[in-house]
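So the chains spell out like this:
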Amino acid sequence: MFDVNFKFLIISVLITAGNTLSNFDTDWWKHTILYEIYIPSFKDSNGDGIGDIKGITKKLDHFVDLGIETVYISSFFRSPMRDLGFDIYDYVDIDPIFGTMEDFDELMSGMKRRGLKLISDFVINHSSDEHSWFKKSIDRINPYTDFYVWADPKGIDNDGKPIPPNNWLSIFEGCGWEWNEKRGQFYFHQFAVGEPDFNLRSVELKKEIKKIMKFWMDRGVAGFRLDATKHFIEDEQLRDEPLSNPNKKEVTLYKDLKHIYTTDLPESYEFIHELRDFVDQYSMGRKQEYEKILVAEAYTSRTNTMAYYGSEDHTVANFPFNFAFVQLNSFLNAESYNNLISQWLKNMPKGATPNWMAENHDNFRIGTRLCEEYMDIVTITIMMLPGVACVYYGQEIGMTNSHVRKDQRKDENNDGATGASRDGERLPMQWDDTMNSGFTSRYKSWLPVHPNYWKTNVERQKSEKVSRYNSFKELSQIRKRKTMKSGDFKSYIVSEWVYTFTRSYNKHETYITVLNLGTEIELIDLHDVISDLPSNLEVVVASVNAGYVKGDQIRSIPKFPKIFSMRPLSAIVLSTKVQTESPKFGTQLIDPRISTSS
């Protein structure tokens, strides 16, 4: 691995004094909630069974009600849709499945009126093989000749067929090289055959990419999520990658190789730095606006992930997605849970902003990976931690995966040998208890609606006193307070299964998040670890299974046997600022054997 401070290939020219981002709002993203929308599954506006841009526009007040500030939407560019929109053939137009450019402009106008910001997906590791650039590259028409990764064959086999230049493989399995008869060379594809990899060393290609970015920023986009960043640039010498197991003779699976020449190359980070510099310069040219941002997506080691931050004098992305909770697949005790959080905070470069994510469009939802009770624990955690909270559509109501039959599947590429399709986490948003949960007026939606939509939906949870939706709203409001934006973070291991952390700031209220990560009732004395608590603490947020509601008070003066009890796999957020004059103590304060019905 490399040291981000010393081994970048190019040293950037520092921005001259006075020409900085100081005139802009450079803090808006550092404590925002970033809400991911998978467009085909969010809201269908025209009855074709597929979500679209107008559908998002119709639901903008949903974000206002939830307290969401920033929305990130999946790829919506023109595409043959062989890889569900991640195979793009026109980066400056909307795919008709999702609408028109007029629809997009209407969306941006509606968001601006509501004070919302939009982050766009940006897939630039590869394009579709139907892109005009690729067709011109096949014909060796300049400047497109070198826009893609081309290579001569290593030789000819006994059947007279060209031999690929090396042993590189595709993530979707099989050889990563595809022969093109017309050009007389192989092209490289890290993903599907129809997705040729860009040659991101090409100066002319980088100019075109920046033009595309400017096009969308001119239309109001607040930044970009860079897809698959660890795959951006490959080894120029096209060296064979070493075997993961030297004793295995046949190499057939992607995991059979150590991908040291096709992933995490220093040049990839440097390319993102170049894009960051371009975006920063764009922002400085529009002093009435705010800083535009870049977010990196890379499933890689912690060391490589941290490198996407760059350093104070050599920035790369504004932040890389933190997949620690996304990859959480087992129950953790307090010490392990603390390590999951502290390792990110300790390894960040100086001045960097943390971020936290539990679900996304590529992984099972956390209620499916673990259990439904655990989803509340993790959602409350990521909302109360410092930095950016990244949430996935439906997380606010506790959506889970559902079985998708083989005849219903849409995700052909990620089926793989395990059959682990990504369709289950991409089911339609559950808005109400009407047909197809209010997602579409069509008899059948593009993916089946989860069978539990009749009870798990937005409208029902809005009306319930205790619901995940309303808890999420409370968390969103808390995040807007000074303590959460500027406060410190301290963590405590109360017992083997009880974990707590505080957010404090000067004379403002302190928030104490308490998690029972175990499967038994826990009796808790916070004074064991936090000595300077006031006599009473007030519940401001509770998981749906906690047995507490907003406004309940917890005595902070130690009593036998402990101060209060917590149900298994539950979470509460306490505040030192008690709002009610007459104490209304919670239902589980001293003895967990007492009935807790409310």
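None of the values given here were measured: they were computed from a predicted structure.

Draft legend 1. Up close: empty space enclosed by the protein. Enumeration over the complete set of coordinates arrives at 4 cavities of 30 Å³ or more. Its volume calculated, the largest cavity comes out at about 140 Å³. Lining the largest cavity are 16 residues, and of these M375, D376, T379, Q395 and R468 sit closest to its centre. Every element with two or more residues in the lining of the largest cavity is listed here: α10 (372–384) and α12 (468–479). Grouping the constituent residues of the lining of the largest cavity by class yields 7 nonpolar, 5 polar and 4 charged. Volume-wise, the second largest cavity comes out at about 40 Å³. In terms of lining, the second largest cavity is formed by L34, E36, Y72, F321, M357, E359, C390, V391 and Y392. Listing elements by their share of the lining of the second largest cavity, those giving two or more residues are β1 (33–37) and β17 (388–392). For the lining of the second largest cavity, the element with the highest residue contribution is β17, accounting for 3 residues.

Draft legend 2. Representation of the packing of aromatic side chains in the model. Evaluated as defined, the whole model comprises 45 aromatic pairs. Of note, K59 hangs over the ring of W431, and the distance from its end group to the ring centre comes to 4.2 Å. Over the aromatic face of Y290 sits the side chain of K117, whose NZ or CZ is 4.5 Å from the ring centroid.

Draft legend 3. Up close: the nonpolar core. Formed by 135 residues in total, the largest nonpolar core has its most connected members in Y35, F63, F104, W216, Y337 and Y374. Considering every element that reaches this core, the biggest residue donor is α10, with 8 residues. In this structure Y374 touches L328, F331, L332, Y337, I366, L517 and L569, once residues within four positions along its chain are discounted. Membership of the second largest hydrophobic core comes to 20 residues, among which are V494, V514, L526 and A542.

Draft legend 4. Inspection of the pattern of salt bridges at higher detail. Applying the stated criterion to the full structure yields 35 salt bridges. Of the charged contacts, one joins R225 and E297 as a salt bridge, the two residues approaching to 3.0 Å between their closest N and O atoms. In this pair, R225 sits in strand β11 (residues 223–226) while E297 sits in the loop between β12 (293–296) and α7 (302–306), placing the two residues 72 residues apart along the sequence. The residues R225 and E297 share a single accessibility class, namely buried. Each of D121, R225, D227 and E297 takes part in one network of salt bridges that share partners.

Calculation criteria
Residues numbered from 1 in each chain as written. Predicted model: local features only at pLDDT ≥ 70, side-chain atom pairs only at ≥ 80, totals over all residues. Heavy atoms only, no water. 1 Å grid on protein atoms, 1.4 Å probe; cavity = no way out; pocket = protein on both sides within 12 Å on 5 of 7 lines; lining within 4 Å. Points joined across faces, edges and corners; volume = space filled by probe spheres on them. Helix = DSSP H or I, 4+ residues; strand = E, 2+ residues; numbered from the N terminus. Nonpolar A, V, L, I, M, F, W, Y, C, P; charged D, E, K, R; others polar. Phe/Tyr/Trp six-rings, centres within 6.5 Å; stacked < 30°, edge-to-face > 60°. Lys NZ or Arg CZ within 6 Å of the ring centre and 35° of its normal. Core = buried A, V, L, I, M, F, W, Y, C linked by side-chain atoms within 4.5 Å. Buried < 20%, exposed > 50% of the residue type's maximum accessible area, 1.4 Å probe, protein only. Contact = heavy atoms within 4.5 Å. Salt bridge = Lys/Arg side-chain N within 4 Å of Asp/Glu carboxyl O.

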